[in-house]
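Take a look at the letters that make up each chain.
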Amino acid sequence: IRSRSVFAMDMFLMCLPPMVVLLLSSNFASTAILNNGLQIIVFLLTANIPSLMTGRMSYVDIAWPWGLITIGIMPFLSDVQEHGYRANLVTAAYLVAGGRMALGGGLAFLAGKLQTEYPRYLYQRMNWAKAGITDENSLGFKMIMQKEIIVQCLANMGALSMPLMVQAYGYKTGELTWLEVFGWTLWLVSIAFEHTADKQKKAFVKDCLEKNVKNAVCDVGLWRYSRHPNYFGEWMVWNSLVLTSLPSLLALWETSEESFLVKCGMTSGLITTSLVMYQCLVNYTGAVPAEFYTVQKRPEYVKYQKMVNMFVPGPRKEGEKLQKQS
């Protein structure tokens, strides 16, 4: 297993350039400055300060979605290039993405679930321990936790704001292109895919509770073809936003108002959007940390791992049928 600090550095190196490119742009800079300031406020109030006071990083699950909502309201706070379908659709996409996760985070907070650290963040502590950082009261521990939170804030400042910036504040005007229509159709399908996976998992858990079945492996519906179909659906949501951004990116390349450096940076920034989300959903706080604990709790999960792809759905491999343990 790679060191979590290495993943944090990877994320930092991926998130910083898109933020810088937006600030160098003649067209995006003012909105980027506004977004950066608001992201700092959101993360300070909902993650950095609470984590410093409690020693728990789980508050990021409140900060990050509210950060997405903040990106989504940018068109209401500053003038967009054109108040048409393009700007309205990408605005709605960010408000939907942030809003549903903010609701989940808020309910978790009210239910007291943030009183204990989430497993994915406990997993990070194990990797900090490999670097000799174990004392929760030490300055080093507090600093590395703050750094991890800042990395996610930087993502909202740069890579994850790219689709909205290039579509709502870019140089593409007029009707939606066929590629944009296809992209938004894919966005709807991806949202439905993720929602279906979540519903299937909840129904499975409920069924196990009613039948008093313990430590069972969810192997129904979409979960028969991917061990984390909800994460895959979330990744495809962001990939669809990248896809809908391509016509606006092409218009950016055709304008003389932006430098070659900015054009290259915006192009790589959109690619980074997909890479950042993949890194998060698979290695950083997603599938890998989740499976580390799942294998310990559910021995049958090892068989499941051998039969089913971790992330991208695909045909099941031959193997023994999973047995429910009561």
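Residues numbered from 1 in each chain as written. Predicted model: local features only at pLDDT ≥ 70, side-chain atom pairs only at ≥ 80, totals over all residues. Heavy atoms only, no water.

### Comments concerning the overall build of the protein
Phase 1: The helix and strand tally for the protein stands at 13 helices and zero strands.
Phase 2: For the protein, whose C-alpha radius of gyration is 21 Å, the value lies close to the compact-globule estimate of 20 Å for 326 residues.
Phase 3: Structurally, the protein occupies a C-alpha span of about 65 × 50 × 35 Å along its principal axes.
Phase 4: Burial status across the protein gives 51% buried among its 326 residues.
Phase 5: Residue pairs at least 24 apart in sequence account for 79% of intrachain contacts in the protein once pairs closer than 6 positions are excluded.
Phase 6: Carbon together with sulfur atoms contributes 65% to the accessible area of the protein, which is approximately 15400 Å² in total.
Phase 7: A gap of 10 Å separates the mean positions of the 29 positive and 23 negative side-chain charges of the protein. (Helix = DSSP H or I, 4+ residues; strand = E, 2+ residues; numbered from the N terminus. Rg over C-alpha atoms; globule rule 2.2 N^0.38 Å. Buried < 20%, exposed > 50% of the residue type's maximum accessible area, 1.4 Å probe, protein only. Contact = heavy atoms within 4.5 Å. Areas by Shrake-Rupley, 256 points an atom, 1.4 Å probe, with all protein chains shown as cover. Lys, Arg positive; Asp, Glu negative; His and termini not counted. Charge placed at Lys NZ, Arg CZ, Asp CG, Glu CD.)

### Overview of helix 3 (residues 60–72)
Phase 1: With 13 residues, helix 3 ought to run about 18 Å at 1.5 Å a step, and its terminal C-alpha atoms sit 18 Å apart, in line with that.
Phase 2: Along helix 3, the residues that are buried comprise Val60, Asp61, Ile62, Ala63, Trp64, Pro65, Gly67, Leu68, Ile69, Thr70, Ile71 and Gly72. (Expected span 1.5 Å × (residues − 1).)

### Considering the confidence of the model for the protein
Phase 1: Taken residue by residue, the protein gives an average pLDDT of 91. The fraction at 70 or more is 94%.
Phase 2: In the model of the protein, helix 1 (residues 4–24) stands out as the element of lowest mean pLDDT, 77, in contrast to helix 10 (residues 229–254), which has the highest, 97.
Phase 3: Low confidence marks residues 1–9, where pLDDT is under 50. Its contacts with residues over four positions away, or in another chain, come to 20 contacts. (pLDDT = per-residue confidence, 0-100.)

### A look at the side chain of Ser25
Phase 1: On the secondary structure map, Ser25 appears in the loop between helix 1 and helix 2 (29–54).
Phase 2: We classify Ser25 as buried; its relative accessible area is 3%.

### Remarks on unusual backbone geometry
Phase 1: With a phi close to 55°, Asn212 is a non-glycine residue in the positive phi region.
Phase 2: Relative to the assigned elements, Asn212 resides in the loop between helix 9 (178–210) and helix 10.
Phase 3: At Asn215, a residue that is not glycine, the phi angle is positive and equals roughly 55°.
Phase 4: In this fold, Asn215 is placed in the loop between helix 9 and helix 10.

### Things to note about the state of the cysteines
Phase 1: Overall, the coordinates contain zero disulfides when judged by the stated rule.
Phase 2: There is no disulfide at Cys208, and the cysteine sulfur nearest it, in Cys218, is 8.0 Å away.
Phase 3: Unpaired in terms of disulfides, Cys280 finds its nearest cysteine sulfur in Cys15, a separation of 7.2 Å. (Disulfide = S-S within 2.5 Å.)

### Notes on the pattern of salt bridges
Phase 1: Across all of its chains, the model carries 11 salt bridges by this definition.
Phase 2: Here Arg125 makes a salt bridge to Glu117, at a shortest N to O gap of 2.8 Å. With respect to class, Arg125 is no different from Glu117; both count as buried.
Phase 3: In this structure, Asp207 engages Lys211 in a salt bridge whose closest nitrogen and oxygen atoms are separated by 3.4 Å.
Phase 4: For Lys211, a relative accessible area of 55% corresponds to the exposed category.
Phase 5: Taken together, the salt bridges that share partners define one network made up of Arg100, Glu194 and Glu234. (Salt bridge = Lys/Arg side-chain N within 4 Å of Asp/Glu carboxyl O.)

### Structural notes on the environment of Met145
Phase 1: For Met145, the location among the structural elements is in helix 7 (residues 139–157).
Phase 2: Put simply, Met145 and Val302 are 157 residues apart on the chain and 31 Å apart in space, counted from C-alpha to C-alpha.
Phase 3: Setting aside chain neighbours within four positions, we find Met145 in contact with Ser51, Gly55, Arg56, Met57, Glu117, Arg125 and Trp128.

### Focus on the packing of aromatic side chains
Phase 1: This structure, assessed with the given rule, holds 13 aromatic pairs.
Phase 2: With a centroid separation of 5.9 Å and 70° between ring planes, the pair formed by Trp184 and Trp187 is classed as edge-to-face. A residue pair is termed a helical-turn pair when its members lie 3 or 4 positions apart in one helix, as Trp184 and Trp187 do in helix 9 at three residues. In this structure, Trp184 and Trp187 share a single accessibility class: buried.
Phase 3: A ring pair is formed by Trp235 and Phe311, whose centres lie 5.5 Å apart and whose planes are at 55°; its orientation type is tilted. Remark: Phe311 occurs in the segment after helix 13 (301–307) and Trp235 occurs in helix 10; sequence separation between them is 76 residues.
Phase 4: Residue class for Trp235 comes out buried when judged on its relative accessible area of 17%.
Phase 5: Taken together, the aromatic side chains of Phe193, Phe232, Trp235, Tyr278 and Phe311 make up a single cluster linked through ring pairs.
Phase 6: Across the ring face of Trp223, the terminal group of Lys201 is positioned such that the distance to the ring centre comes to 4.6 Å. (Phe/Tyr/Trp six-rings, centres within 6.5 Å; stacked < 30°, edge-to-face > 60°. Lys NZ or Arg CZ within 6 Å of the ring centre and 35° of its normal.)

### As for helix 10
Phase 1: If you check helix 10, its first and last C-alpha atoms are 38 Å apart, about what 26 residues at 1.5 Å a residue would give, namely 38 Å.
Phase 2: With 21 of 26 residues buried, helix 10 lies mostly within the body of the structure.

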